[in-house]
Amino acid sequence: MVRIPLHFFLAVMVIVRADRLNKSATAGVLWSAAEEEGDLLRKAEPEETTLHNEEFDGGFSSLDSMLQWAIGHSDLATLKETAENVQHLPHNELKKRQVEIKEVMEKLKMPSDAQLMQIAIDDLNNSSLSYEDRRRALKELLILVEAIENANDLNKLGGLAVVIRELNHPETEIRTASAWILGVASQNNPVVQQQVLQLGALTRLMKMVKSSHVEEATKALFAVSALIRNNLYGQELFYAEAGDLMLQDILSNSSFDIRLRKKSVFLVGDLAKCYLETRDRAEVRLFSSHIVLKSLVDLMTSTDLDLQEKALVTIKNLLQIQTTDAPLLKNIDLDGALKRVRQQFQKLMREEQKEYAMDLESLCREVEMIFHRKLGIVQHG
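Residues numbered from 1 in each chain as written. Predicted model: local features only at pLDDT ≥ 70, side-chain atom pairs only at ≥ 80, totals over all residues. Heavy atoms only, no water.

A. The arrangement of helix 15 (residues 243–252) in detail. Burial analysis of helix 15 places seven of its 10 residues in the buried class, which makes it a mostly covered element. Three or more residues of helix 15 are buried, namely Gly243, Asp244, Met246, Leu247, Gln248, Ile250 and Leu251. Looking at the buried positions of helix 15, the neighbouring elements they touch are helix 12 (201–208), helix 13 (214–228), helix 14 (232–240), helix 16 (258–277) and helix 17 (290–300). (Buried < 20%, exposed > 50% of the residue type's maximum accessible area, 1.4 Å probe, protein only. Helix = DSSP H or I, 4+ residues; strand = E, 2+ residues; numbered from the N terminus. Contact = heavy atoms within 4.5 Å.)

Quick look at the structure:
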């Protein structure tokens, strides 16, 4: 918040008032009549204000409203003395001080988030905008759309179409930032999810997941995940674009960056969880893929604890919905993988991560119980 003492307002007040009187045929002694003082004070009285301690936060709609507030919060004797001094200022000095005050007032008028977004969008629509300024505009949008109200306004301002267009920019960093914005704006926001999907961004984002640039690929997958989370229409489009095969490829190929594989594990688990909550849909091939489940079991023994936990949660979800397949269950050495994971837990216990190790052990027991129950059904079938 910008803070300005009251004497600044007095200066503004007398300069503005003096200027008006200088242009009037009745210019004379400023506020010489008690009646005029009373009129000005009465005009100021109804104005409700939250200002305290003689400070200003830029909330006045005009110089006149600021003038009335200043009159109501000032000493009239001091006011008269200041006014008389200002009357003796040369005209050019008076003009100079008015310009300075106007500049300060303009700086105090903080634009709204919507105005800031519009500025960034207009910049992006400028074909001659420099690379650095384009990056800056995208960075500003990224920060602004974190607020759900701003994310909802983005399409109204024409911003979604502009950001989606930037997904095709020749510069990797511009494409990456654009995907990131779409992901942030779509997170847990069905309104923006639907808007982005209807604008056809999903197909382009899925192609970007295959980028050789790791940051671009991970941000694109983040956006894809945000777009289709708990969104059945988005998931249908995702599967129609062979999204299941895309995830299967990432999970089964160790050459992919660990961040991309983590996001893929998370997305598979999230899709499985959503399926569990909407069982009226036909099962998709992703949930009955031998390659996917085998890849998850392998990732479960990763030394990366975050990836390990995500893999366990995802396996638990998949085991609850996957079509029972005796050869598949017998060929996956889940018991051996769980044994290896538990050996890692012993190390965590010694490294004072006992609570985390206990949580993972509890998750292991859940996975083991579901797996054995399914295996038992197969063996007795």
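B. Fine view of unusual backbone geometry. Despite not being glycine, asparagine 188 shows a phi value in the positive range, around 50°. Here asparagine 188 is to be found in the loop between helix 10 (172–186) and helix 11 (190–198). Relative accessible area serves as the criterion here: at 60%, asparagine 188 is assigned to the exposed category. One non-glycine residue, alanine 242, lies in positive phi territory at about 65°. Residue alanine 242 is classed as partly exposed on the basis of its relative accessible area, which comes to 28%.

C. Here's a closer look at the layout of surface pockets. Each pocket or cavity is described by its volume, and for the largest pocket that value is around 230 Å³. Mapped onto the lining of the largest pocket, the elements with two or more residues apiece are helix 7 (131–144), helix 10 and helix 13. The element best represented in the lining of the largest pocket is helix 7, accounting for six residues. For the lining of the largest pocket, the residue count by class is five nonpolar, one polar and seven charged. (1 Å grid on protein atoms, 1.4 Å probe; cavity = no way out; pocket = protein on both sides within 12 Å on 5 of 7 lines; lining within 4 Å. Points joined across faces, edges and corners; volume = space filled by probe spheres on them. Nonpolar A, V, L, I, M, F, W, Y, C, P; charged D, E, K, R; others polar.)

D. Representation of the nonpolar core within the structure. Ranked by size, the top nonpolar core spans 85 residues in total, and within it Leu205, Phe238 and Phe287 carry the most contacts. Once residues lying within four places of it in the same chain are set aside, the contact partners of leucine 205 are Leu167, Ala179, Leu182, Ala220, Ala223, Val224 and Leu227. (Core = buried A, V, L, I, M, F, W, Y, C linked by side-chain atoms within 4.5 Å.)

E. View of the packing of aromatic side chains. What the rule picks out here adds up to two aromatic pairs. Seen from their ring centres, phenylalanine 238 and tyrosine 239 are 5.6 Å apart, and the 65° between their planes marks the pair as edge-to-face. The same class applies to phenylalanine 238 and to tyrosine 239, which are both buried. An angle of 55° between the planes, with centres 5.3 Å apart, marks the rings of tyrosine 275 and phenylalanine 287 as tilted. (Phe/Tyr/Trp six-rings, centres within 6.5 Å; stacked < 30°, edge-to-face > 60°.)

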